[in-house]
Amino acid sequence: MVHHHRYHQFRKPTDYIIKDEESLNHLMDCSSSVYCKRTRPKLLSFLFLITFLSCCYYVFAPFFLGPSFSLSLLYSYGPENDSNQDGVDVKASACSSVSTGTICCDRGGYRSDICVMKGDIRTHSSSSSIFLYNSISHVDNVSRTDEARKGENEAEQVLQHEKIKPYTRKWETSVMDTIDELNLVAKKVNSGNVQGCDVQHDVPAVFFSNGGYTGNVYHEFNDGIIPLYITSQHFNKKVVFVILEYHSWWITKYGDILSHLSEFPPIDFSEDNRTHCFSEAIVGLKIHDELAVDSSSMEGSKNIVDFRNLLDKAYSPRIKGLIKDEEREAQEKLRQQRQISLSPSSEPGSKASQRLHEIARTKPKLVIVSRSGSRAITNENLLVKMAEEIGFKVKVLKPKQTTELAKIYRVLNESDVMIGVHGAAMTHFMFMKPRSVFIQVVPLGTNWAADTYYGEPARKLGLKYISYEIHPKESSLYGKYDKNDPILRDPDSITEKGWEYTKKIYLDSQNVKLDLRRFRKRLHRAYEYTVLRSNLNLQHQPQ
């Protein structure tokens, strides 16, 4: 179930720039006031003094104002970031450049926080911590008394302490309250006091949570898989995934994809008590929009089509294996048939069957993603018959939690048209090839969500998107409420009351009985478009 929320306006990066500029101006004004009490110096002396104090300010301010001051200087928001407020711009991120021994956290995104660490990084799962160690140099030790060094060792000189929940629904307090929190701690210690490494990694790490709405296919892709692709693809598989709230079933379900993002086994952060050491780590995932990849924020200008190409590579080996299994089964059946003596009349029938098979192969393929329970199409059997009459080869797909994704991918990747009622299963439109047709049946009260979560993302993928918004009479709610009830006549007035109303009335208590005469027009459009596209492809094929 997609959790619908109309996002509120959030602070723009430019707000932070203004704040920083005002702070700096205020400090410079204070400096100037000191000089006003003195006699006016010569111009050269005055300029030298201004330069000297400015340098002192930038050099020594971090020691007096704390590590957060130096961190704020890393935030280099620019106008280009305004176009991607929901996510983190990889090309111009606040933490795109991080010096060794530091932690940089970009908390400007509306959807997620991202922290970057570089240096001597070590995990400590029992305290839900990731430590970044900076060793105290020999010179520093010589210049301090034994008593001072002892105090430093006891306190370990915490330079910076950040807290982060590495999940991509930052704005949604109710779900973020369930996400495990990580402590990111930068310390200055004697090298002899640092716990040794049980596992030394020579590639970076990406830490993220598999909590929240994991278990819902929409959220698994939108909040997890796609952000993981956005965050890690530039490492070219030379990266280790460290997972909070680790689920073995999730690893199995998405193993094909994960193997194309990382060539190393993922780490269960909570259960693996070994000290894992890294030289670089990203904590949290970057996210752009609903089921989207913003090319302007990606290295190499990668987009959602590139993500789909990765799915092709991920599932191709398994699909080839499925095809070989089917071929072996078909050959076995053929051998069994040959053992049976054929009558003289059987040969023409065999040829006729072969011709029918060839005809069926040329028909456009239509897949109906079927629902059970709420938002089911109650006259689905009649829809199938109508689609076959129009000329489609129809398959009804009923995906379950246990259905192997490669099998779903194969069916939709080979289809020309997909039909389904708004809901999480519509996420599977990403398995279709660009220029295929996606018809989404939109129940009452779901117009905004249907277009935001699936319609617009489908268009970005290059699909021919057709929205079918049902009339009140096509909803099962029509028999429960008076025809003038706002639930039927003005769904927006109900959904504006909050998510609870939308879920209870329109998502959990509504089925659809299609007006087949009206829906037939959409199917005809899809059929004509598909046949025309197929003919054009044939014309452009080399002879």
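For clarity, every value in this text was computed on a predicted model and none was experimentally measured.

## Here's the deal with the packing of aromatic side chains
As enumerated under the stated definition, the model contains 20 aromatic pairs in all. Seen in terms of ring centroids, F207 and F269 are 6.2 Å apart; in terms of plane orientation they differ by 75°. Their pairing is edge-to-face. Within this pair, whereas F207 is found in strand 7 (residues 205–209), its partner F269 is found in the loop between strand 9 (267–268) and strand 10 (276–283), the two being separated by 62 residues in sequence. Overall, F207 belongs to the buried group, its relative accessible area being 0%. An aromatic cluster is present here, built from F208, F221, F241, W250, Y254, Y315, Y409 and F431 joined pairwise through their rings.

## A closer look at the confidence of the model for the protein
On average, residues of the protein score 81 in pLDDT, and 74% of them are at 70 or above. Here residues 4–44 is a poorly scored stretch, pLDDT under 50, and it has 41 contacts once near neighbours within four places are set aside; other chains count. Contacts from residues 138–145, a stretch scored under 50 in pLDDT, to residues over four places away or in other chains number seven contacts.

## Quick notes on the state of the cysteines
Enumeration according to the criterion identifies three disulfides in this entry. Here C105 is linked by a disulfide to C115, with a sulfur-sulfur distance of 2.0 Å. The chirality of the disulfide connecting C105 with C115 is right-handed, given an S-S dihedral of about 110°. Pair noted here: C105 is in strand 1 (residues 102–106) and C115 is in strand 2 (residues 114–124), with a separation of 10 residues, a long-range link. Here C105 and C115 have matching classes, each one buried. Each sulfur in the disulfide pair C197 and C277 lies 2.0 Å from the other. Negative torsions about the S-S bond denote left-handed disulfides, and the value of about -100° found for C197 with C277 makes this one left-handed. Residue C197 is located in the loop between strand 5 (182–189) and strand 6 (199–200), and its partner C277 is located in strand 10; the two are separated by 80 residues in the primary sequence. By relative accessible area, C277 is classed as buried at 1%.

## What to know about the environment of T102
Considering the arrangement of structural elements, one finds T102 in strand 1. Sequence separation between T102 and Q160 is 58 residues; the distance between their C-alpha atoms is 8.5 Å. Excluding residues within four positions of it along the chain, T102 makes contact with V116, M117, K118 and L132. A polar side-chain atom of T102 sits 2.5 Å from the main-chain carbonyl oxygen of S99.

## Considerations on unusual backbone geometry
A positive phi angle is found at S128, which is not glycine, with a value near 50°. As for its placement among the helices and strands, S128 is situated in the loop between strand 2 and strand 3 (129–135).

## Re the nonpolar core
Formed by 58 residues in total, the largest nonpolar core has its most connected members in F221, I257, F307 and F429. Ranked by the residues each element gives to this core, the list is headed by helix 7 (residues 217–232), at eight residues. In this structure, F221 is in contact with I226, P227, Y254, I257, L291, F307, T427, M430 and F431, ignoring residues within four places of it in sequence. Core analysis: the next-biggest nonpolar cluster, separate from the first, contains 32 residues, L366, A387, V417 and L488 among them.

## Here we look at helix 12 (residues 380–390)
All buried positions along helix 12 are accounted for by E380, L383, V384, M386, A387 and I390. Each buried residue of helix 12 sits inside an arc of 165° when the element is viewed along its axis, so together they form one side. Following helix 12 by one or two positions, G391 adopts a phi angle in the positive range, close to 130°.

## Some words on the packing of helix 7 against helix 10 (residues 304–338)
Closest axis-to-axis distance for the helix 7/helix 10 pair is 11 Å, and the angle between their directions is 90°. Our classification of the angle between helix 7 and helix 10 gives roughly perpendicular. Taking contact as the criterion, the partners of F221, I225, I226 and Y229 in helix 7 are, on helix 10, I304, D306, F307 and L310. Looking at side-chain class alone, the contact of helix 7 with helix 10 contains seven nonpolar, no polar and one charged residues.

## Considerations on the sheet that holds strand 11 (residues 365–369)
Sheet strands line up and pair through hydrogen bonds in the backbone, either parallel or antiparallel. One open sheet accounts for five strands, arranged 12-11-13-14-15; its pairing is parallel. Among the strands making up the open sheet, the edge pair consists of strand 12 (393–397) and strand 15 (464–469). Shown here is a sheet whose adjacent strand axes are inclined to one another by a mean of 20°, direction ignored. Pairing of strand 14 (residues 437–442) with strand 15, which is carried by six bridges, proceeds in the parallel orientation. Paired with F438 across the strands is Y465, a residue of strand 15. The strands that helix 12 touches are strand 11 and strand 12; relative to strand 12, the one it contacts most, it runs at about 155°. Where helix 13 (residues 405–413) meets the sheet, it contacts strand 11, strand 12 and strand 13 (417–421), and its direction lies at approximately 155° from that of strand 12.

Criteria and cut-off values
- Residues numbered from 1 in each chain as written.
- Predicted model: local features only at pLDDT ≥ 70, side-chain atom pairs only at ≥ 80, totals over all residues.
- Heavy atoms only, no water.
- Phe/Tyr/Trp six-rings, centres within 6.5 Å; stacked < 30°, edge-to-face > 60°.
- Helix = DSSP H or I, 4+ residues; strand = E, 2+ residues; numbered from the N terminus.
- Buried < 20%, exposed > 50% of the residue type's maximum accessible area, 1.4 Å probe, protein only.
- pLDDT = per-residue confidence, 0-100.
- Contact = heavy atoms within 4.5 Å.
- Disulfide = S-S within 2.5 Å.
- Polar contact = N/O pair within 3.5 Å; in protein donor to acceptor, adjacent residues only side chain to side chain.
- Core = buried A, V, L, I, M, F, W, Y, C linked by side-chain atoms within 4.5 Å.
- Arc of directions from axis to C-beta.
- Axes fitted to C-alpha atoms, helices over the stretch in contact; angles between N-to-C directions.
- Parallel < 35°, antiparallel > 145°, perpendicular 65-115°, else oblique.
- Nonpolar A, V, L, I, M, F, W, Y, C, P; charged D, E, K, R; others polar.
- Pairing = 2+ DSSP bridges.

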